[in-house]
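# Structural overview for review
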Amino acid sequence: FVRLTNARNVLLRGLTFSGCRATAVWFAGCANCYLDDCTIERIGVHAAVINDSSFCGVFHSRLRKLGGCGVRMRGGDRLQQRQSGLTVHDCEIGSFCQIDRAYAAALQTNGCGMVMTNNLIYDSPHRAVNTDGNDQYLARNEIHSVVYEFSDQSGLDVWCDSTYRGIVSEKNFWHHIGSSLALCGQAGIRLDDAISGVVMKDNIFYRSS
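Okay, so let's go over this structure. Only a predicted model underlies this, so the values are computations on that prediction, with no experimental measurement involved. (Residues numbered from 1 in each chain as written. Predicted model: local features only at pLDDT ≥ 70, side-chain atom pairs only at ≥ 80, totals over all residues. Heavy atoms only, no water.)

### Focus: the nonpolar core
Ranked by internal contacts, the top residues of the largest apolar core, which has 52 residues, are Phe27, Leu35, Ile40, Val71, Leu107 and Ile121. Of all the elements, strand β13 (residues 107-117) adds the most residues to this core, at three residues. If we ignore the near neighbours within four places in the chain, the residues touching Ile40 are Phe17, Ala24, Val25, Leu35, Ala47, Arg62, Leu63, Arg64 and Leu66. (Core = buried A, V, L, I, M, F, W, Y, C linked by side-chain atoms within 4.5 Å. Buried < 20%, exposed > 50% of the residue type's maximum accessible area, 1.4 Å probe, protein only. Helix = DSSP H or I, 4+ residues; strand = E, 2+ residues; numbered from the N terminus. Contact = heavy atoms within 4.5 Å.)

Given below as structure tokens:
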């Protein structure tokens, strides 16, 4: 529906995007571009992709019935520790990963300096959140009813790069995560294969295997 390339200072507010085979909204090389109070539903791939951008985000929106991810974000510079300022705040992300069935998280980040706060995330056969990079902040989210078709997965999954630093999970509520398919492990938070330096503080786990 929308592709912004090298755009600046754009606000999409109060819109509904529904019924699309591909990704609904795509920002590339943008700065200060935002979705606010939007509904994105019945999408074949991802609700929103924000690539190589800075100070962009999705706020107060509803992302539902998605074939792939809710929001994919890539930005910042890990080597230079340059923060991207990419944010997802106060969103409902439900029934995602419905076509891909695996490795399509509600929130999927890559880079440096992402913020994910006050979101409700639910209903996925696979993981809920995947963070790759540095200085990723996940706080005051509720995540439930995920990882019900797979093992070796979790609500928050971080994998296989010991140089990731500054990942913080704080005051999140993880519940009803996992199933009887826990052959290789399921968890609310899973730090897998060499992941180090992650802070987990004041989280609540209930029926989170």
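### Topic: the side chain of Ser61
Within the secondary structure, Ser61 is located in the loop between β8 (57-59) and β9 (62-66). Only 3.0 Å separates the side chain of Ser61 from the backbone nitrogen of Cys38, close enough to count as a polar contact. The contact partners of Ser61, leaving out residues within four places of it in the chain, are Leu35, Asp36, Asp37, Cys38, Asp90, Cys91 and Glu92. (Polar contact = N/O pair within 3.5 Å; in protein donor to acceptor, adjacent residues only side chain to side chain.)

### Digging into the sheet that holds strand β3 (residues 16-20)
Here we have eight strands laid out as an open sheet, ordered β3-β6-β9-β12-β14-β16-β19-β22, and parallel in their pairing. Strand pairing shows two members of the sheet lacking a second neighbour, β3 and β22 (204-208), which therefore form its edges. For this sheet, the mean inter-axis angle between neighbouring strands, taken without regard to orientation, is 5°. For β3 and strand β6 (residues 39-43), the ladder comprises four bridges, and the chain directions are parallel. When the bridges of β6 are listed, Thr16 appears paired with Thr39. (Pairing = 2+ DSSP bridges. Axes fitted to C-alpha atoms, helices over the stretch in contact; angles between N-to-C directions.)

### A short note on unusual backbone geometry
The backbone of Asn9 sits at a positive phi, close to 60°, despite the residue not being glycine. Topologically, Asn9 is positioned in strand β2 (residues 8-13). A positive phi angle is found at Gln81, which is not glycine, with a value near 55°. With respect to the helices, strands and loops of the structure, Gln81 is situated in the loop between β10 (71-75) and β11 (86-89).

### What to know about the pairing of strand β14 (residues 120-124)
In the sheet, strand β12 (residues 92-94) pairs with β14 via three bridges, with the strands oriented parallel. Its bridge partner being in β14, Glu92 is matched across the sheet by Leu120. Looking at chain direction, β14 and strand β16 (residues 142-146) are connected through four bridges and run parallel. Each residue of the ladder has a partner; that of Ile121, found in β16, is Ile143.

### Let's talk about the environment of Ile189
With respect to the secondary-structure elements, Ile189 resides in strand β20 (residues 186-192). The class for Ile189 is buried, based on a relative accessible area of 12%. As a C-alpha pair, Ile189 and Ser154 span 35 residues in sequence and 5.7 Å in three-dimensional space.

### Focus: the packing of aromatic side chains
Applying the stated criterion to the full structure yields three aromatic pairs. On the numbers, 6.5 Å between centres and 10° between planes, the contact of Trp174 with Phe205 is stacked. Residue Trp174 is found in strand β19 (residues 173-177), and its partner Phe205 is found in strand β22; the two are separated by 31 residues along the sequence. Owing to a relative accessible area of 44%, Phe205 belongs among the partly exposed residues under this scheme. Positioned over the ring face of Trp26 is Arg3, at 4.8 Å from the centre of the ring. (Phe/Tyr/Trp six-rings, centres within 6.5 Å; stacked < 30°, edge-to-face > 60°. Lys NZ or Arg CZ within 6 Å of the ring centre and 35° of its normal.)

### Focus: the pairing of β6
Across four bridges, the pairing between β6 and β9 is parallel. Residue pairing for β9: Glu41 is matched across the bridge by Arg64.

### Considerations on the environment of Asp132
Relative to the assigned elements, Asp132 resides in strand β15 (residues 129-139). Taking relative accessible area as the criterion, Asp132 reaches 19% and is therefore assigned buried. When the C-alpha atoms of Asp132 and Val45 are compared, they prove to be 20 Å apart, with 87 residues separating the residues in sequence. Once you skip the residues sitting within four places of it in the chain, Asp132 turns out to touch Thr109, Asn110, Gly111 and Tyr164.

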